[in-house]
2 protein chains.
Amino acid sequence: MTASSAPPASSDPERLPTIRDIAERAGVATSTVSRALSNPQRVNARTRERIEKIAAELHYVPSSQARGLSSGRTGAIAVLVPDVTNPFYFDIIRGTQNQLKASGYTQLLVDTEEATDVELEALRRLRRTADGIILAASRLTDAQLAEAARQQPLVTINRATADAPTVLIDTPGAMVQALEHLASLGHSKVTYVGGPTSSWSTHRRWKAIEEAASRRGMEVTRIGPYSPKTSSGAAAADAALRTGATALIAFNDLIAIGMLQRFRERGVRVPEDVSIVGCDDIFGADFCNPPLTTIASPIEQAGRTAVSMLLAQLDPLRGGMPRKLAVMPTHLQIRASTGPAKA
Amino acid sequence: MTASSAPPASSDPERLPTIRDIAERAGVATSTVSRALSNPQRVNARTRERIEKIAAELHYVPSSQARGLSSGRTGAIAVLVPDVTNPFYFDIIRGTQNQLKASGYTQLLVDTEEATDVELEALRRLRRTADGIILAASRLTDAQLAEAARQQPLVTINRATADAPTVLIDTPGAMVQALEHLASLGHSKVTYVGGPTSSWSTHRRWKAIEEAASRRGMEVTRIGPYSPKTSSGAAAADAALRTGATALIAFNDLIAIGMLQRFRERGVRVPEDVSIVGCDDIFGADFCNPPLTTIASPIEQAGRTAVSMLLAQLDPLRGGMPRKLAVMPTHLQIRASTGPAKA
DNA sequence: CAAATTTTGGCAATCGCTTGCCGTTGCGGA
DNA sequence: TCCGCAACGGCAAGCGATTGCCAAAATTTG
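Residues numbered from 1 in each chain as written. Chains lettered and ligands numbered in written order. Predicted model: local features only at pLDDT ≥ 70, side-chain atom pairs only at ≥ 80, totals over all residues. Heavy atoms only, no water.

Draft legend 1. Representation of the overall build of chain A. Scanning chain A for helices and strands turns up 13 helices and 12 strands. Its C-alpha atoms give chain A a radius of gyration of 26 Å, more than 25% over the compact-globule value 20 Å for 343 residues. Expressed along its principal axes, the backbone C-alpha trace of chain A runs to roughly 100 × 40 × 35 Å. Looking at chain A as a whole, 53% of its 343 residues qualify as buried. As displayed, chain A offers around 14800 Å² of accessible surface, 51% of which is attributable to carbon and sulfur atoms. Side-chain charges of chain A comprise 39 positive and 34 negative groups, with the mean position of each set lying 5 Å from the other. (Helix = DSSP H or I, 4+ residues; strand = E, 2+ residues; numbered from the N terminus. Rg over C-alpha atoms; globule rule 2.2 N^0.38 Å. Buried < 20%, exposed > 50% of the residue type's maximum accessible area, 1.4 Å probe, protein only. Areas by Shrake-Rupley, 256 points an atom, 1.4 Å probe, with all protein chains shown as cover. Lys, Arg positive; Asp, Glu negative; His and termini not counted. Charge placed at Lys NZ, Arg CZ, Asp CG, Glu CD.)

Draft legend 2. Quick look at the packing of aromatic side chains. Applying the stated rule across the entire model yields eight aromatic pairs over all chains. Where Tyr192(B) meets Trp206(B), the ring centres are 5.9 Å apart and the plane angle is 25°; that geometry is what we call stacked. One end of the pair, Tyr192(B), is in strand β6 (residues 189–193); the other, Trp206(B), is in helix α9 (residues 200–215), with 14 residues separating them in the sequence. For Tyr192(B), a relative accessible area of 1% gives the class buried. Connected via pairs of aromatic rings, a cluster forms that spans Phe283(A), Phe287(A), Phe283(B) and Phe287(B). (Phe/Tyr/Trp six-rings, centres within 6.5 Å; stacked < 30°, edge-to-face > 60°.)

Draft legend 3. Looking closely at the relation of the copies chain A and chain B. Between the two copies, chain A and chain B, the superposition gives an RMSD of 0.1 Å; the rotation angle is 180° and the shift along the axis is 0.0 Å. Taken together, these values place the two copies in the relation of a two-fold axis. Both copies present the same face, since 98% of the interface residues in chain A are matched by interface residues at the equivalent positions in chain B. (Least-squares fit on C-alpha atoms with pLDDT ≥ 70 in both. Contact = heavy atoms within 4.5 Å.)

Draft legend 4. Examining the pattern of salt bridges more closely. Residues and elements named next belong to chain A. Counted according to the given criterion, the structure contains 36 salt bridges over all chains. A salt bridge links Asp-238 to Arg-266, with the shortest nitrogen-to-oxygen separation between them at 2.6 Å. On the criterion of sequence distance, the pair formed by Asp-238 in helix α10 (residues 233–242) and Arg-266 in helix α11 (residues 253–266) is long-range, its members being 28 residues apart. Bridged by salt links that share partners, the residues Asp-91, Arg-94, Glu-300 and Arg-304 form one connected network. (Salt bridge = Lys/Arg side-chain N within 4 Å of Asp/Glu carboxyl O.)

Draft legend 5. Layout of the sheet that holds strand β12 (residues 331–333) of chain A. Residues and elements named next belong to chain A. Read from one edge of the open sheet, six strands run β7-β6-β8-β9-β10-β12, paired in mixed fashion. This sheet does not close on itself; its edge strands, each paired only once, are β7 (219–223) and β12. Between one strand axis and the next, the sheet turns through 20° on average, direction left out of account. (Pairing = 2+ DSSP bridges. Axes fitted to C-alpha atoms, helices over the stretch in contact; angles between N-to-C directions.)

Draft legend 6. Spatial organisation of the protein's contact with DNA strand D. Every one of the 27 residues lining DNA strand D counts as a neighbour, but Ser34(A), Tyr60(A), Thr32(B), Arg42(B) and Thr47(B) are closest to it. Of all DNA strand D atoms lying within 4 Å of any protein atom, the proportion belonging to sugar or phosphate reaches 54%. Here a phosphate oxygen of DNA strand D and a side-chain polar atom of Ser34(A) are 2.4 Å apart. Arg35(A) is positioned such that a nitrogen or oxygen atom in its side chain is 2.6 Å from a base oxygen of DNA strand D. No other element matches helix α4 (residues 64–71) of chain A, which puts five residues into the surface near DNA strand D. Grouping the constituent residues of the surface near DNA strand D by class yields nine nonpolar, 13 polar and five charged. (Near = heavy atom within 4 Å. Polar contact = N/O pair within 3.5 Å; in protein donor to acceptor, adjacent residues only side chain to side chain. Nonpolar A, V, L, I, M, F, W, Y, C, P; charged D, E, K, R; others polar.)

Draft legend 7. Quick look at the protein's contact with DNA strand C. Neighbouring DNA strand C are 27 residues; Thr32(A), Arg35(A), Thr47(A), Ser34(B) and Tyr60(B) lie closest to it. Expressed as a percentage, the sugar and phosphate content of the atoms of DNA strand C within 4 Å of the protein is 58%. Within the side chain of Arg35(A), an N or O atom sits 2.5 Å from a base oxygen of DNA strand C. A distance of 2.7 Å separates a phosphate oxygen of DNA strand C from a polar atom in the side chain of Arg67(B).

Draft legend 8. The nonpolar core, seen in detail. Ranked by size, the top nonpolar core spans 150 residues in total, and within it Ile249(A), Met259(A), Ile249(B) and Met259(B) carry the most contacts. Looking at which element gives the most residues to this core, the answer is helix α12 (residues 299–314) of chain A, with eight residues. Residues in contact with Ile249(B), not counting those within four places in the same chain, are Met175(B), Ala178(B), Leu179(B), Leu182(B), Val190(B), Thr191(B), Tyr192(B), Val193(B), Ile209(B) and Val277(B). Core analysis: the next-biggest nonpolar cluster, separate from the first, contains 34 residues, Ile133(A), Ala148(A), Ala164(A) and Val110(B) among them. (Core = buried A, V, L, I, M, F, W, Y, C linked by side-chain atoms within 4.5 Å.)

Draft legend 9. Looking closely at the interface of chain A and chain B. If you look at the interface, chain A gives 49 residues, while chain B gives 48 residues. In this assembly, chain A packs against chain B so that about 4200 Å² is buried in total across both faces, 58% of it on carbon and sulfur atoms. Considering only the side of chain A, the residues that lose the most area to chain B are Gln65(A), Arg128(A) and Phe287(A), jointly responsible for 19% of the buried surface there. Seen at the junction of chain A and chain B, the total is two salt bridges. We note a salt bridge from Lys101(B) to Glu113(A), for which the minimum N-O separation is 3.1 Å. On the surface where chain A and chain B come into contact, there are nine residue pairs in polar contact (both at pLDDT 80 or more). Taken together, the residues that form the side of chain A that touches chain B break down as 22 nonpolar, 16 polar and 11 charged. (Buried area = accessible area lost by both parts, 1.4 Å probe.)

Draft legend 10. Broad picture of the sheet that holds strand β10 (residues 293–296) of chain B. Residue and element names in this part refer to chain B. Read from one edge of the open sheet, six strands run β7-β6-β8-β9-β10-β12, paired in mixed fashion. Looking at the sheet topology across the chains shown, the edges are occupied by β7 (219–223) and β12 (331–333). Direction aside, the axes of adjacent strands within the sheet are offset by 20° on average. Taken together, the three bridges between β10 and β12 define a ladder with antiparallel strand orientation. By the bridge assignment for β12, Thr-294 is matched with Gln-333. Sitting on the sheet, α9 touches β6, β7, β8 (247–250) and β9 (275–279), and the angle it makes with β7 is about 160°. Sitting on the sheet, helix α11 (residues 253–266) is in contact with β6, β8, β9 and β10, with an inclination near 150° to β9.

Draft legend 11. The arrangement of the side chain of Asp131(A) in detail. Residue and element names in this part refer to chain A. Within the secondary structure layout, Asp-131 lies in the loop between α6 (116–129) and β3 (132–136). Arg-73 provides the closest opposite charge to the buried, unpaired Asp-131, separated from it by 4.1 Å. A distance of 2.6 Å separates a polar atom in the side chain of Asp-131 from the backbone nitrogen of Thr-74.

Draft legend 12. Seen up close, the environment of Arg73(A). Position of Arg73(A) relative to the elements: it lies in the loop between α4 and β1 (76–81). Taking C-alpha positions, Arg73(A) is 6.0 Å from Asp131(A), a pair spaced 58 residues apart along the chain. The contact partners of Arg73(A), leaving out residues within four places of it in the chain, are Arg67(A), Gly68(A), Tyr105(A), Asp131(A), Asp315(A) and Gln65(B).

Draft legend 13. Focus on the UniProt feature "domain: HTH lacI-type" (unreviewed entry) in chain A. Summarizing the sequence annotation, UniProt attributes the feature "domain: HTH lacI-type" (unreviewed entry) to residues 17–71 of chain A in the numbering used throughout. For the annotated span residues 17–71 of chain A, helix accounts for 71% and strand for 0% of the residues, and the straight-line distance between the end C-alpha atoms is 20 Å. (UniProt positions renumbered as here; feature names shortened; annotations may be inferred.)

Draft legend 14. The arrangement of the domain arrangement of chain A in detail. Residue and element names in this part refer to chain A. On domain assignment, one finds that chain A holds domain 1 (3–60), domain 2 (73–169 + 298–328) and domain 3 (171–296). Between the C-alpha centres of domain 2 and domain 3 there is a distance of 28 Å. Contacts between the two partners involve 11 residues from domain 2, matched on the other side by 14 residues from domain 3. Remark: the boundary between domain 2 and domain 3 carries zero salt bridges. Our enumeration of links across domain 2 and domain 3 arrives at two residue pairs in polar contact (both at pLDDT 80 or more). Where the side of domain 2 that touches domain 3 is concerned, the elements lending two or more residues are α5 (87–102) and β5 (166–169). Of the residues in the side of domain 2 that touches domain 3, the class split is six nonpolar, two polar and three charged. (Domains from an automatic or database assignment.)

Pasting the structure below:
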């Protein structure tokens, strides 16, 4: 029963210090250390300071695992995006990343590969691993989404549902602007180049366009679906040309940029022969050739907002009345890919 | 008993099933369930199947927290990049993401904001949270890196060190190619537009250029440092012009693209007045105006390789002889931003 | 000055899973 | 028939923190 059971400072370079090590050094119980560190006002200031000092000396880092196990929270938020390589999601990810870090959360990034089943599987696995989910452009059905939302705190981005808070980017609104812009340039025949069938956004956008067009007597057609990649642009461009439209609105900038390249190859001049409007104002939209007229919005802000809404949901006390819906404003960013209709 | 897509057959709809629930239902001990699920050959096939069946029925998902606590492994790998919004790192991230998912690991994405202290802090916190680290373009000193590598399994990307396995992209080699390309176009005065001082790569590239240039009697100068963003391009372009060089090699495509834009504004023609070579062949390099001659490499592959090397380090048994260094090949992707030197 | 509170801090029970250590079984060989 | 060896499965001790409950100490109150 040696009193001085050699509390080695750094004798064992491998083992990380635990609250127990701190407790021993401070001559208190582990519970006190735990409280001092994660519930400061629960402990006397002097004791706390002593403990904090020792913790710092030892370079103590709490085990999120252990903490999670006993507290039930993991300190991680999962962000699910259909495709990590799509620049649109970069901005979302940057937004969530910033806001999460600021709030002391860890970001789990998951690529769902635009596939429903991958998404479902991820959701299932994350049930235990994350405190909440941010689901960007979900491919899930309403029922699946409702189910998921029942299981764990969830915020969707660009996918409305009554069952979870949502951050929407008001692209449909901007689609109308885009149409007006085209109309004022003399275009009367417009083609919408649609995105993936499973995308909620593409339907929403098409509906907005269709409606706005019929109101002002413009003729709109729709082609697609196309995968949201620049490589789909070639096929899209060829198909778009066959519709005889003088102006094109693309599901997103990726497709639009792909079309731009294809038109260049085929000697179709933009905007002289055909005008193109993209959507999202992604990285590259301003320096492609010609620079793309597109629908811009604070995407990064959308990511941040989603995080805020999720955290508010996680602890309803602090966040105040949690919002159920946030709509991010959009505006038409006019560049050089749109011009007067061909005579 | 509901027939189709039966909801979790549980008394308490909230509580997630644990191995204990399975054990009870199967009439075995929790240890058997644990083994059946994570160490299959340790358990009789019949028992295992029964357990697996029940687990499936219950939609059992193991708690990575609990598993981590007792096993010491977290099942997560952290990927640290200086800037999540830099397209170069997005390709890395995509690579690591794919490979990690394939290996059953979770990816923790961390943005170190190009800052040493953020990087160090992240490393410290992750000590407990991740089984290993992939450190892209680390800003750490050799000593700090060595220390970090001692603390936990680590693989660096684009940052050589004797203390950890490394994936290198052979940009210096390609720099030489770039220089040759420029020489063959008649350029004799070249400026290197440098990246951040803390970047190991920028020094490495500069050295390669300097050496190659002196060998073939070309005159090279260096300007910078510039932050690796398109927005730095304007200042870089102006400064580059003042050097009187007819060809520019940029630290990366971001800067190069920014310069392209600035030159366009200023009425400087590329490549007629000045040639530009970028580096990385990021998203956008092929469709900017003019398309950028740049140094391409399998970046995504680099990410995958890094993961492989890390996993090999984690369990040395399976991975075989772990490699200490992987060099990814590069090649000069010639596009339209380079042309004959002005007479 | 005693009683009523409020602070502090300790005890010990978890959280869900892994794993070292053993006791049972079943089976082939002597 | 009996023994030894695997194979199989159970027990129970953790992993590192959190937290409800309770007692001692400090403080306020009557």
